[in-house]
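The lines below spell out each chain.
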Amino acid sequence: TDQPAVPGSGGGPPSPLAGLGIYAGAGGAPLELGARVLQLVESHRAAAEEELRAKGLADGALAEALADFDAKVAPVVDFGQLYARGTRHRATLLVDDFVQRFLKVEALFSTTHTMSALLAAAENEPAKLVQVFLAHSQLERRSATLMSLIDIATTSHASPGGPRDDAGANDGNETRIAFLRPLATLEGIDYARIQSKAKQLLGTMTDDMAALMTKQLYPSLHRMASGAMGAAEEAAFTSYLQAHMHVAQALLFKAYAESSSGLRKAVARTLVQMWYGHCHVANVATKTYFRTGKEKSVITWEYDAAEGATAAGEEAPKNLGALVFFSSREDMETHFAWLCSCISGVEPGKQTRRAAASSAGGMARSLSNKALASAGSVNNMSAAAMPPVSPSASSLTHPGGAAASPDAPRRTLHVIIMADVAVEHKWKAKTRGPAQSSYDSFDDAGSAKYYQDFVKANAPALRALDTAQVAVTIPTPTRDSAMVEALMSMMVTPTYNFALPDYDEVAPWRHILPQFVQWLELERLSSFDIKHDTLPVHPLVHVFVGTAKQQAQDRRLFVRAVSIVGVDAQQQVARASRAGRSGDAPLSPSLSAADPGPFVAAESALTGPEATVGDETAPIAVLKALVDLVQPSLSASKSAHYSSIHVFLQHLQPLQLQVNAAMDAFTQALTTDLDLPDTSMLELEVRLAKAATVGAGGALAADTFEPPPPGALRVLARSSHVLQMSVYREAVTMDLDGRPSAPARLSLVASRPRADTASLDGAVATKPYALLSVVDQRRMRCHKAGTTYCYDLLELFASAVKGQWEALVAAGHCTAADVPAKLTEPTELALDRDGVLKPLAAPRPGGLNAVGMVAWRMVMRTPEYPEGREVVVIANDLSVQNGTFGPREDDVFRQASALARAERIPRLYIGANSGARFGLSEAVKSKFRVEWNDWQDPNKGIKYLYLTPKERESLGAAVVTEEVRVRVNKAQRAFQLGMPGGDFEAEDGAPFVEELHHKIVAIIGTEEGLGVECLQGSGMIAAETAIANREIFTIALSTSRNIGIGSYVLRLGQRIVQHAAAPIILTGHVALNKLLGNNVYESNLQLGGPEVMSNNGVSHAIVHSDLEGIAAIVKWLSYVPRTADSPPAALPAFDPVDRDVEFCPVEGEIYDPRCLIRGDGDKLGLFDVGSFTETLADWARTVVVGRARLGGIPVGVIATENRLVMKTVLADPANMESREEKVAQAGQVWFPDSAYKTAQAIHDFNHGERLPLIILANWRGFSGGRKDMFEEVLKFGSYIVENLTTYEQPVFVYIPPCAEVRGGAWVVIDTMINPRVMEMYADTTARGGVLEPAGIAEIKFRRAELVKTMHRLDPQLQWMKMNAAPGVVTKEDINQHEAELMPAYAPLGEMFADLHDRPDRMLAKGVIRKVVPWKGARTHFYWRLRRRLDEMPLQKRVEQRAPTLGAKEVAAIVHEALVAGAGVSREDVDDDKKVAECFERLEDVDALNQALDGITDTKLSASGSASG
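Residues numbered from 1 in each chain as written. Predicted model: local features only at pLDDT ≥ 70, side-chain atom pairs only at ≥ 80, totals over all residues. Heavy atoms only, no water.

Asks: Please set out the overall build of the chain residue by residue, giving values where relevant.
Replies: Secondary structure summary: the chain contains 50 helices and 46 strands in total. Split into buried and exposed, the 1508 residues of the chain put 52% on the buried side. Long-range pairs, those at least 24 residues apart, make up 72% of the contacts in the chain between residues at least 6 apart in sequence. When the accessible area of the chain is evaluated, it comes to approximately 66,400 Å², of which 53% is carbon and sulfur surface. (Helix = DSSP H or I, 4+ residues; strand = E, 2+ residues; numbered from the N terminus. Buried < 20%, exposed > 50% of the residue type's maximum accessible area, 1.4 Å probe, protein only. Contact = heavy atoms within 4.5 Å. Areas by Shrake-Rupley, 256 points an atom, 1.4 Å probe, with all protein chains shown as cover.)

Asks: How would you explain the nonpolar core if you had to name every residue and give the values?
Replies: For soluble globular proteins, nonpolar side chains are generally found buried alongside one another. If you look at the biggest cluster of nonpolar residues, it comprises 57 residues, and the most contacted ones within it are Leu271, Trp275, Trp301 and Leu323. Ignoring any residue separated from it by four or fewer positions in sequence, one finds Trp275 in contact with Gln249, Phe253, His414, Ile416, Leu513, Gln515 and Phe516. Formed by 41 residues, the second largest nonpolar core is a distinct cluster that contains Tyr642, Val647, Leu649 and Leu655. (Core = buried A, V, L, I, M, F, W, Y, C linked by side-chain atoms within 4.5 Å.)

Asks: Describe in detail the pattern of salt bridges, supporting the description with residues and values.
Replies: In this structure the tally under the stated criterion is 73 salt bridges. Taking the shortest distance from any N to any O, the salt bridge between Arg1302 and Asp1397 comes out at 2.8 Å. Taken together, the positions of Arg1302 in strand E43 (residues 1300-1302) and Asp1397 in the loop between helix H45 (1371-1394) and helix H46 (1399-1404) put the pair 95 residues apart, joining distant regions of the chain. Salt bridges linked by common partners bring Glu521, Arg524, Glu685, Arg687, Arg714 and Glu730 together as one network. (Salt bridge = Lys/Arg side-chain N within 4 Å of Asp/Glu carboxyl O.)

Asks: How would you sum up helix H26 (residues 793-810)? Please name residues and give values.
Replies: Within an α-helix, residues lying three or four positions from one another point in the same direction, as the helix has 3.6 residues per turn. Here H26 spans 25 Å end to end across 18 residues, near enough to the 26 Å set by a 1.5 Å rise per residue. Among the residues of H26, Leu793, Leu794, Leu796, Phe797, Ala800, Val801, Gln804, Trp805 and Leu808 are the ones counted as buried. Backbone geometry just after H26 places Gly812 at a positive phi near 80 degrees. (Expected span 1.5 Å × (residues − 1).)

Asks: So what about the environment of Asp1373? Which residues, and what values?
Replies: For Asp1373, the location among the structural elements is in helix H45. Between the C-alpha atom of Asp1373 and that of Leu1357, which follows or precedes it by 16 residues, the distance is 9.7 Å.

Asks: Could you give me a rundown of the packing of aromatic side chains, with the residues and numbers involved?
Replies: This structure, assessed with the given rule, holds 30 aromatic pairs. Here the aromatic rings of Tyr256 and Phe325 are separated by 3.7 Å at their centres, their planes lie at 15 degrees, and the arrangement is stacked. On the criterion of sequence distance, the pair formed by Tyr256 in helix H10 (residues 245-258) and Phe325 in strand E3 (residues 318-326) is long-range, its members being 69 residues apart. Considered together, Tyr256 and Phe325 belong to a single accessibility category, that of buried residues. Ring geometry for Tyr1236 versus Phe1276: centroids 4.8 Å apart, planes at 10 degrees, classification stacked. Residue Tyr1236 is found in helix H38 (residues 1232-1246), and its partner Phe1276 is found in helix H40 (residues 1273-1285); the two are separated by 40 residues along the sequence. On the accessibility criterion, Tyr1236 (29% relative accessible area) is partly exposed. Judged by its relative accessible area of 13%, Phe1276 is buried. Among the aromatic residues, those joined into a cluster by ring pairs are Phe1292, Tyr1294, Tyr1321, Trp1414 and Phe1421. The aromatic ring of Tyr256 is capped on one face by Arg264, whose charged end is 4.8 Å from the ring centroid. (Phe/Tyr/Trp six-rings, centres within 6.5 Å; stacked < 30°, edge-to-face > 60°. Lys NZ or Arg CZ within 6 Å of the ring centre and 35° of its normal.)

Asks: So what's going on with the sheet that holds strand E42 (residues 1291-1295)? Which residues, and what values?
Replies: Taken in spatial order, the seven strands of this open sheet run E34-E35-E36-E40-E42-E44-E46, and their pairing is mixed. At either end of the open sheet lies a strand with only one pairing partner, and these are strand E34 (1173-1175) and strand E46 (1410-1411). Both strand E44 (residues 1318-1322) and E46 contribute to a ladder of two bridges, which runs parallel. Opposite Ala1322, over in E46, you have Val1411 as the bridge partner. (Pairing = 2+ DSSP bridges.)

Asks: Which residues make up the packing of helix H1 (residues 33-54) against helix H2 (residues 59-82), and what values do they have?
Replies: Closest axis-to-axis distance for the H1/H2 pair is 10 Å, and the angle between their directions is 170 degrees. Considering their axes alone, H1 and H2 lie roughly antiparallel with respect to each other. Contact residues: Leu33, Gly34, Ala35, Val37, Leu38, Val41, His44, Arg45, Glu49, Leu52 and Arg53 in H1; Leu62, Ala65, Leu66, Phe69, Asp70, Val73, Val76, Val77, Phe79, Gly80 and Gln81 in H2. When grouped by side-chain class, the residues that make up the contact of H1 with H2 number 14 nonpolar, four polar and four charged. (Axes fitted to C-alpha atoms, helices over the stretch in contact; angles between N-to-C directions. Parallel < 35°, antiparallel > 145°, perpendicular 65-115°, else oblique. Nonpolar A, V, L, I, M, F, W, Y, C, P; charged D, E, K, R; others polar.)

Asks: Tell me about the pairing of strand E35 (residues 1183-1190), residues and numbers included.
Replies: Counting buried residues along E35, eight of its eight residues qualify, which places the element largely inside the surrounding structure. Burial of the side chains of E35 extends over both faces: Val1183, Val1185, Arg1187 and Arg1189 are buried on one face and Val1184, Gly1186, Ala1188 and Leu1190 on the other. Here three bridges tie E34 to E35, and the two strands are oriented antiparallel to one another. Note that in E35 the partner of Glu1174 across the bridge is Gly1186. Pairing between E35 and strand E36 (residues 1193-1200): eight bridges, direction antiparallel. Within the sheet, the bridge partner assigned to Arg1187 lies in E36 and is Gly1196. In this structure, the hairpin formed by E35 and E36 is closed by a connection of two residues, where Gly1191 is found at a positive phi of approximately 65 degrees.

Asks: Before we move on, can you summarise the side chain of Thr1311 with the specific residues and values?
Replies: Within the element layout of this structure, Thr1311 appears in the loop between helix H41 (1303-1307) and E44. Residue class for Thr1311 comes out buried when judged on its relative accessible area of 13%. If sequence neighbours within four positions are ignored, Thr1311 has contacts with Met1318, Glu1319, Met1320 and Val1407.

Asks: Mind laying out the packing of helix H43 (residues 1343-1353) against H45, listing which residues take part and the relevant values?
Replies: Each pair of packed helices can be summarised by the angle the axes make with each other and by the distance between the axes. For the pair H43 and H45, interaxial distance at closest approach is 9 Å and the crossing angle is 105 degrees. In terms of axis orientation, H43 runs roughly perpendicular to H45. Contacts between H43 and H45 involve Arg1343, Leu1346, Val1347, Thr1349, Met1350, His1351 and Leu1353 from the first element and Ile1374, Glu1378, Leu1381, Met1382, Tyr1385, Ala1386, Leu1388 and Gly1389 from the second. Looking at the contact of H43 with H45 residue by residue, the class counts come to ten nonpolar, three polar and two charged.

Asks: An account of the sheet that holds E3 is requested, with residue identities and associated values reported.
Replies: Spatially, seven strands are ordered E1-E2-E3-E4-E5-E8-E9 in an open sheet, and the strand pairing comes out mixed. Each edge of the sheet is formed by a strand with only one pairing partner; in this case those strands are strand E1 (282-291) and strand E9 (504-505). Along the sheet, helix H12 (residues 329-344) makes contact with E1, strand E2 (294-304), E3 and strand E4 (411-417), crossing E1 at roughly 120 degrees.

Asks: Any details on the confidence of the model for the chain? Residues and values, ideally.
Replies: One rule of thumb: low pLDDT means the predicted coordinates there are not for detailed reading. For the chain, mean pLDDT is 80; residues scoring 70 or higher make up 80% of the total. Under a pLDDT of 50 for its full length, residues 981-988 has, in the predicted model, seven contacts with residues more than four places off or in other chains. (pLDDT = per-residue confidence, 0-100.)

Asks: Describe the state of the cysteines, with residues and values.
Replies: Applying the stated criterion across every chain, the model contains zero disulfides. Note on Cys1144: no disulfide assigned, nearest cysteine sulfur contributed by Cys1298 at a separation of 6.3 Å. Look at Cys1144 and you get partly exposed, because its relative accessible area is 41%. (Disulfide = S-S within 2.5 Å.)

Asks: So what's going on with H12? Residues and values would help.
Replies: If you check H12, its first and last C-alpha atoms are 22 Å apart, about what 16 residues at 1.5 Å a residue would give, namely 22 Å. All of the buried residues along H12 are Asp331, Met332, His335, Phe336, Trp338, Leu339, Cys340, Ser341 and Ile343. Elements in contact with the buried residues of H12: E1, E2, E3, E4, helix H16 (444-457) and helix H17 (459-464).

Asks: Now, about unusual backbone geometry: what can you tell me, with residues and values included?
Replies: Here the residue pair Leu500 and Pro501 is connected by a cis peptide bond, since its omega of 10 degrees sits within 30 degrees of zero. Considering the arrangement of structural elements, one finds Pro501 in the loop between strand E8 (495-499) and E9. Of note, Glu521 is a non-glycine position whose phi angle comes to about 55 degrees, a positive value. Residue placement: Glu521 occurs in the loop between helix H18 (514-520) and strand E10 (528-532). A positive phi angle, near 50 degrees, is found at Arg1250, a position not held by glycine. Along the polypeptide, Arg1250 turns up in the loop between H38 and strand E40 (1253-1256).

Asks: Could you give an account of the environment of Gly803, naming the residues involved and the relevant values?
Replies: Mapped onto the elements of the fold, Gly803 is located in helix H26. By relative accessible area, Gly803 is classed as partly exposed at 28%. Between the C-alpha atom of Gly803 and that of Ala1111, which follows or precedes it by 308 residues, the distance is 7.9 Å.

Asks: Describe the side chain of Arg1426, with residues and values.
Replies: On the secondary structure map, Arg1426 appears in helix H47 (residues 1417-1441). By relative accessible area, which is 17% here, Arg1426 ends up buried. Not counting the four nearest positions on each side in its chain, Arg1426 is found in contact with Ile1193, Ala1476 and Glu1480.

Written out as structure tokens, the structure is:
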């Protein structure tokens, strides 16, 4: 029945649980438990509504009744929703939740971890950190529980016929795979059991794909063997197998090994159709031969030439193929020649005239087109080994190649050795890491030699067969337990290809089936010696390691893949589907819905009947799966130090693309979706062989198939911190006969960013990959050191500025049309012959600099300054003498920094160096000689080093010497000169000769940069940096190691952005270990990594890539004015200035002080949304500092942490007794580190950045314990005062709601420190005083005062006191009543003291300027800040004219001038908004200045008269 009969109850709505489990859903399919519950509830609700309507209830009453019904059944509905997909799915979700909790904890411990990382993961809350440690301490119990839950969740998973969800996939399978994959990647011995279990289950789930395919494969093979399979059905079958090729190939080999002879023929035919289905296979025939009672079958077929291989209108020539199976090597050796003769009809030992004549000449003729196609390329392969460069080129050695001679086609012979298919091959474990197969333990060279010798020995038989090439394949099962994504039992297929004229091996094609070689474009690797990284498990995916033949240091990883789905077979599937097949199809819906694994799943999406023409999503889906499949090789590349990684995909499906949309999709995939390694250089190339471009809205109908126009598109992307992408179309020139007359060349279609001089426009499409240029070699050297080549930094700056604009466009604050066309314009600065730094007339490409320091004067068009702002960028070139500082490097640095100071523009330093340069004089090293203490026994030591007179003369001033005359025995002389001693008299009486030695006293050297001169230069640039930091904005990025002077230059510039892998050190860990005599330190990161430098306040921010570091600098610059004398870098007020501050602290509740600044969720804070950038976040965490915007105006922000924080004191490995310590620091207190942090932030805001400062004060005082006093809290607190006294911009100190400032904390931020710029405000609930009320009450309102107050206020005590004299009331009675009143009166003193700390008293005493409610603080401070910024120039003008006037007098003069010269009325002079708006409208600034000068002079005159 459609609906079950539901029993009623009374006349009201029936029970929602009635009838559970007694009906089925649509079509009779059983519903899951939760779905049945929901359906029942819905049916009951509908019945109840119908019944109520029948009673005539009004709409209001009806809605109320139904709402009441919904409320009653809400728990049941919740239950139904939880179990809507069944109990198993619900269980899987619960296990997934448990796994996520488990991973959240254990991921912190499975790899190298630090306490700072653990604390950060616990959100810096000690309580959460304790929970993490407690959970990890129970790892064994939690692991056992997890494994039991996994067993429950995976019971009967993905079994055929098991429960399925609506998508047709096995219930919960994807969810299970999702939570098993991260478990399988856990590292560490503690997780070995869980990891093994997860891998085993993943393998079992993936094996289900093979099991399901096997279940459907054999019926299809039987139908084919019996002749019951029609052509359309066979085409569909072939298309399906192509989409699952790496699974289907393994199963077909296994089926061949296990089947009878009749089924083997069907298997072989299917294998041929799957391999050659894209080449229009025809005339597939099976021939059986018998010899000595053994049956041998041969499969032969014809296939078409490649497109473009023939003239227009000509019939494409046919190529021949043959396939033979042998059970073993012995079987092949016995029957190979005989079987070849059977195929050719020639007796062994004889040769046809045609074969003999064509063995050499035919081969040469067949290569003519290929040679034409590869014209202009450098290729060291033999002619026979050269594949065609594109599918349009012809070659005898490939499917689709043209015939070798006019009278006969050429044949490709496939030989398959089945010896290892039936047994599990034993592989040795690889030490390098996970990979598809253990290629390192496979005897590849031995196998290749054996088969080459065999093929050469049988060359006559092959020539008789007209065989152009032989492919020997040895299917070998493998089950690599290290794999996670594809654990099922599969086969690698070692393949060896041999070709005419002499049947030598075509080495570049090794392990590649010849019919797929043409699409891999291997000729582009001709400059490299290539070797498979692993034995391929997928016949269409190959990973090579290539070493350049001319540059051994150039090692690259090449990934080459082909996606052949969707060519001819797809069209046949579509036609068959539209025609409608009848009968039982061998491909059941369940099989087509099964998950085929990571790579083929993406391809199988392209095999449906509606997939004849795809869009950009098709190649991207294949690309994602490809990256997953080769992930082990990509992961291993991180430690292999490849110069680059090339990923090439040939996609043959017909596509229609809108170019911009396609580029957007590929950009999204490369930047977000693809799990690509974090490598320094990645190059991606996707060839879309059949791609038609259309307009933005163009598309073909889903059920049509129109071949795209000739040619192909290539999408080329290069990622080296910045992604560059270009789309090219291949332009093919045809001759009069319709054949290609020249190699295809690239024609640029689109590029992002715009194509520069490195564009490939006009280049041959398949030219070999270029070797490393000088720039590339330098770039690679930098990449190995973990940094970016200095000339590539310019791209990073452009990308970072672009990111700033894109953020504004995305937020709707501007349009794309507002973005400048050219975002950065660098001009390089270089030393001329006179050693003067000058701008170069034209841009200089990288690699031409001989000095290891480069500098640019760069214009950046940022959102704050769209017309452009200038900066000076200085960078080490690590590729020149390891980035050391020599005299010329110091000169470049000093002069570039001095230029920045002279222009008052920011100076940016990118540090990657090895400290001061040192060396030895090579000129002297090649000439000096040694005078030994005993020339016959050098072990007795060296007397001195010396030069001969001739050598001394040649060195000139390079050495300082003194003359020494010595008598030398001739035998000694012979020994010194290396002459035979027999030529001289020796022993007693031997004559002596007198020689003149120029004893070397000192070596000056002819080279620069050998020692102390470099130290002098280091001192020079250190001083220059210190001066620059005082005068202009300086900031530095540590992008690689910085040693010695490099570290000092970073620190002297104050603001440091540090790459997480870039240590800042004085001495390397190796040198320190030698000094200590033990291997104490493991790396430089232990000495100067982020854990050290971020926690001690040297580094302001930590980043994880150079692009992120440059972006952080550009973001920092957005708060900084154009020059050191310019007003703040304001933006339009994107966040309304008149809105309320929504986040408000509650008395007694702990909160994050950052919420005051940026808000909390939907509750907005004081400053503009998204404008706050915190710095020094890991150091001295009781204070929060950063930069934000208020109505678009940049400001410095300092806030107080009110929560307890934990300070980490690192252990020193050099001290065995040292231990890492955790020190608790209370909130609202200045400790030595937080006081220093506050002072440094004030200094940074004032110098160079020129930012107004807003302090959100909430300090109870300074920590004054013995330890803190020893650690100089007093000195650092005084620094706060010192830096505030010199502050030049407006400073607002604001006490927020429920906050307090007391004692010494008030003293160091009081406005009298610098009344010219400082103002203080308080919220209505703020407090301020010397001590806290409780402390004051203990001192000033003690018990005696409380008793006195009782007697004054309590009537009973007053009566008792009056009647004490007559003896009615005793003293004991009074004392007892006082004791009874004391609990009620005890808080009185604290309350009374608190009333003295209210903002009203602060205002009355003039210590604050105004009481500003928190809700309106944003509006108030915005207008006040605008006014103060406008008044500051006027104030300075008055101070320069009358330096003796006080701050209040100067302010009064400015106010009078506003009235007299700016048109401000006296009533509005105290209205900040109106005064600021008046400044905005002011046009005649001279009139205001004249009025100001006049009033100032009058004031001075009056002051002088009064004093006189």
